[in-house]
Amino acid sequence: MEYKQVQTELAGYIGRTLRENFGKGPESVYVSYNHTILTVYLRNFISPTETVLLGQQQEAMIQTTRDLLMQKLIPEFKAYIKILTSMEVNEFYYDWGLHNKSGLFVCIGSTSTGIDINNEKTYNYHGQESLHQEINRISLQAEKKPEEVVSYLLNERTLVVIRNGILVPIEKELIRLGNFEILRIAKRNLEKRLLHSSSNFESILQTKVNDIFVDWDFFRDKSVIVLILSPTA
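Residues numbered from 1 in each chain as written. Predicted model: local features only at pLDDT ≥ 70, side-chain atom pairs only at ≥ 80, totals over all residues. Heavy atoms only, no water.

(A) Layout of the overall build of the chain. Secondary structure assignment for the chain yields 7 helices and 8 strands. For 233 residues, the compact-globule estimate of 2.2 N^0.38 gives 17 Å, and the C-alpha radius of gyration of the chain, at 17 Å, lies within 12% of that figure. If you line up the chain on its principal axes, its C-alpha atoms span 45 × 40 × 40 Å. Counting the 233 residues in the chain, one finds 53% classified as buried. For the chain, the proportion of contacts with a sequence separation of at least 24, taken over those separated by at least 6, is 58%. Carbon and sulfur atoms make up 51% of the accessible area of the chain, which amounts to about 11,400 Å² in all. Put simply, the chain has 26 plus and 28 minus side-chain charges, and the middle of one group is 2 Å from the middle of the other. (Helix = DSSP H or I, 4+ residues; strand = E, 2+ residues; numbered from the N terminus. Rg over C-alpha atoms; globule rule 2.2 N^0.38 Å. Buried < 20%, exposed > 50% of the residue type's maximum accessible area, 1.4 Å probe, protein only. Contact = heavy atoms within 4.5 Å. Areas by Shrake-Rupley, 256 points an atom, 1.4 Å probe, with all protein chains shown as cover. Lys, Arg positive; Asp, Glu negative; His and termini not counted. Charge placed at Lys NZ, Arg CZ, Asp CG, Glu CD.)

(B) Broad picture of empty space enclosed by the protein. Considering all chains together, one arrives at 1 cavity of 30 Å³ or more under this definition. Counted as a void, the largest cavity has a volume near 50 Å³. Around the largest cavity, the lining residues are Tyr-93, Tyr-94, Asp-95, Leu-104, Val-106, Phe-213, Val-214, Asp-215, Val-224 and Val-226. Elements that contribute at least two residues to the lining of the largest cavity include exactly strand E3 (88-97), strand E4 (102-110), strand E7 (209-217) and strand E8 (222-229). Classifying every residue of the lining of the largest cavity by side-chain character gives 8 nonpolar, no polar and 2 charged. (1 Å grid on protein atoms, 1.4 Å probe; cavity = no way out; pocket = protein on both sides within 12 Å on 5 of 7 lines; lining within 4 Å. Points joined across faces, edges and corners; volume = space filled by probe spheres on them. Nonpolar A, V, L, I, M, F, W, Y, C, P; charged D, E, K, R; others polar.)

(C) Spotlight on the side chain of Lys-222. If you trace the backbone, Lys-222 turns up in strand E8. Lys-222 sits in the buried class, given a relative accessible area of 13%.

(D) Here's a closer look at the pairing of E8. Most of E8 sits inside the fold, with 8 of its 8 residues counted as buried. Here E8 shows a buried face lined by Lys-222, Val-224, Val-226 and Ile-228 and a second buried face lined by Ser-223, Ile-225, Leu-227 and Leu-229. Here strand E6 (residues 158-164) runs beside E8; their pairing, made up of 7 bridges, is antiparallel. The partner of Arg-163 across the bridge, within E8, is Ser-223. (Pairing = 2+ DSSP bridges.)

(E) Here's a closer look at the sheet that holds strand E5 (residues 148-155). Read from one edge to the other, the open sheet built from 4 strands follows the order E5-E6-E8-E7, with strand pairing classed as antiparallel. With one partner strand each, in any of the chains shown, E5 and E7 form the two edges of the open sheet. Each strand axis lies, on average, 15° off the axis of its neighbour in the sheet, ignoring direction. Together, E5, E6 and E8 form the strand contacts of helix H4 (residues 128-142), whose direction differs from that of E5 by roughly 125°. (Axes fitted to C-alpha atoms, helices over the stretch in contact; angles between N-to-C directions.)

(F) Looking closely at the side chain of Arg-188. On the secondary structure map, Arg-188 appears in helix H6 (residues 180-197). Apart from the residues within four sequence positions on either side, Arg-188 is in contact with Gln-63, Asp-67, Tyr-94, Asp-95, Arg-193 and Trp-216.

(G) Quick peek at the layout of surface pockets. What the largest pocket holds in volume is close to 440 Å³. Lining the largest pocket are 22 residues, and of these Tyr-30, Tyr-41, Arg-43, Arg-157 and Ile-228 sit closest to its centre. The set of elements that each furnish at least two residues to the lining of the largest pocket consists of helix H1 (3-22), strand E1 (28-34), strand E2 (37-43), E7 and E8. Residues belonging to the lining of the largest pocket are distributed by class as follows: 6 nonpolar, 9 polar and 7 charged. Empty space within the second largest pocket amounts to approximately 370 Å³. Lining the second largest pocket we find 17 residues, and of these Gln-71, Phe-92, Arg-184, Trp-216 and Asp-217 sit closest to its centre. Sorting the residues of the lining of the second largest pocket by element identifies helix H3 (59-85), E3, H6 and E7 as the ones contributing at least two each. Among the elements that take part in the lining of the second largest pocket, E3 stands out by supplying 5 residues, more than any other. Taken together, the residues that form the lining of the second largest pocket break down as 8 nonpolar, 2 polar and 7 charged.

Geometry only, nothing functional implied.
Here you go:
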C-alpha cells in the first residue's frame, strides 16, 4: 500500500474509533511514519463534557478517564497498524494537550524492511546535539539525566525524542507497589510544565514549537517526547 494511502486509511480508522468511544472524534488526524516509528497527531479533540470538566479544573479526571479508554483501544490500534503497514507495534505511547485540544500517539515496532531506527545517519538534523543537551537538563530537574537520548526528525513537523534510563529509585518503588496512575499523572504535570517552560527549543531548532507531548513505559524505563513543529518554509 502506498504511503499516502496508508496515511488516509489509518487517519480515517483512528478518527472513527475515537468518535465511537469518546463521543466526539478529532477534527483532523495526521499520520507520519518512517520505518519503525509511527506518530498520529490529533487536533481539536475534546468532548463537550470534557470541556466542562476542564473549566472546573478537573484535568486529572479527564486524564484518568481517557487512560481507561485507551487501554481498551490500544490493542485495536496495534492490530490495524499491522494490517496496513506490516509493523508489529512493540511500544505504544500517548499523551494529550488538553489546553490545545490535541493529542498524540507514538508507535515503535518492527517492519519487514530490515531498517534499523538506531541508524542516526538517516535522522541527523540541525541542532540535534544541542536539543539532546536541553532534554538532559530538563530531565535532570524532573528525575535524573537519561542514560541515553536519541531523536528522529520524521518530517518537518514531527520530532521524536526517546530517553532510556530515567527512573529514580522512589519511582521504581512506586511502580513495584502498583501506583502507575498516580506516578503517570504526577510526571505528566511536572515534566510537561518543564518542557513547555523551556525557551530553548525554538532557538535550537530555529522554528516554532506548536505542541509538546510526553509519555513513559515504566517497565522499560523509557520515555518518548514529541515536538510538533511549524515548517520553516
